[in-house]
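Topology and contacts: notes
Single-letter residue listing:
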Amino acid sequence: MSTTAFDPRAAAVTATDDAAVSSPRLHARARKRLGPGRPIPYGWMLGPLLLLALWAAGSGAGLIDARSLPAPWVIAGTAGDLIADGRLQSNFATSAQRALLGLLFGTAAGLLLALVSGLSRLGEGIVDGPVQIKRAIPSLALIPLLVLWFGIGETMKVITIALGVFVPIYIHTHNGLRTIDNRYSELAETVRLSRIQFVRHVVLPGALPGFLLGLRFAVTAAWLSLVVVEQVNATSGIGYMMELARTYGQTDVIIVGLVVYGLLGLVSDALVRLVERRTLAWRRTLAG
């Protein structure tokens, strides 16, 4: 009867080889099990469609009081009537212009201040404190003061929206600048990049993820600010249409305005996310 001696080194080599062979399959299984999975086409629409289905089902079953919340088909009919007489299009055009102007000016101001604060300790000392103070004061609380300064015209409305926009742009862009790896700065000094080249090739690409995240919050802030300013002595806009409907007890018109605001926010956020995926395609993240 012969016996074979146990060789620990041979066993270790065999175990290592087996692990190397099975490792890709284990990693693949881990990715399938731990990751969120593949992106679902138009997945951002699933939640709103589910809410719409629940709303329709509740209205059809009589669980929702039609006087408080009309059925979706009633809202669709009201929207059709508003489109037919041109009220919805004209008010929408006015609201979109205000929101876009406020978003443009607020984004430019937030980005500029973030660059000044993020690239200079002196700039940070001058800029960051006032911005943090403004962050603690809601833009809507400034409306009475802005009305005294600029009146109740378009200037006040656009400035209010811009004030709501520039804070998230500044905060997230500044954070993106401050979290850039310092080794890139040292490398830029080693290869003797100029200040402009350093900003172009290192600072802007490094701050882009933070800026795009801030832009998502800024778009939402723009629509939120728009809802309020259009109900302050406005004579046009979706908010004005809703305020006028409140006076006459037209719940369906108010719901139409809310749906329009919601769709604008959803679509604008989807557009920013699309830009984010395209511009940051080089990153490997769970978002896919």
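Residues numbered from 1 in each chain as written. Predicted model: local features only at pLDDT ≥ 70, side-chain atom pairs only at ≥ 80, totals over all residues. Heavy atoms only, no water.

**As for a nonpolar patch on the surface**
A cluster of nonpolar side chains, contributed by Y42, W44, M45, L49, L52, V267, L271 and L274, occupies part of the molecular surface with about 750 Å² of accessible area. When residues of the nonpolar patch are traced back to their parent elements, those giving at least two are α2 (46-60) and α11 (251-279). Considering every element that reaches the nonpolar patch, the biggest residue donor is α11, with three residues. Within the element layout of this structure, L49 appears in helix α2. (Patch = residues over 30% accessible without salt bridge, like charges linked within 9 Å, V, L, I, M, F, W, Y side chains within 5 Å. Areas by Shrake-Rupley, 256 points an atom, 1.4 Å probe, with all protein chains shown as cover. Salt bridge = Lys/Arg side-chain N within 4 Å of Asp/Glu carboxyl O. Helix = DSSP H or I, 4+ residues; strand = E, 2+ residues; numbered from the N terminus.)

**Some points on the layout of surface pockets**
Computed from the structure, the second largest pocket encloses a volume of approximately 510 Å³. Forming the walls of the second largest pocket are 17 residues, and the residues nearest its centre are P48, L52, W55, V259 and L263. Of all the elements in the fold, those that place two or more residues in the lining of the second largest pocket are α2, α3 (72-84) and α11. It is α11 that contributes the most residues to the lining of the second largest pocket, six residues altogether. Here the lining of the second largest pocket is built from residues that sort into 16 nonpolar, one polar and no charged. (1 Å grid on protein atoms, 1.4 Å probe; cavity = no way out; pocket = protein on both sides within 12 Å on 5 of 7 lines; lining within 4 Å. Points joined across faces, edges and corners; volume = space filled by probe spheres on them. Nonpolar A, V, L, I, M, F, W, Y, C, P; charged D, E, K, R; others polar.)

**What to know about the side chain of S268**
Its location among the elements puts S268 in helix α11. S268 sits in the buried class, given a relative accessible area of 14%. Within polar-contact distance, the side chain of S268 engages the side chain of W223 at 3.2 Å. For S268, the residues in contact, after removing those within four places along its chain, are V219 and W223. (Buried < 20%, exposed > 50% of the residue type's maximum accessible area, 1.4 Å probe, protein only. Polar contact = N/O pair within 3.5 Å; in protein donor to acceptor, adjacent residues only side chain to side chain. Contact = heavy atoms within 4.5 Å.)

The analysis is restricted to geometry; functional conclusions fall outside its scope.
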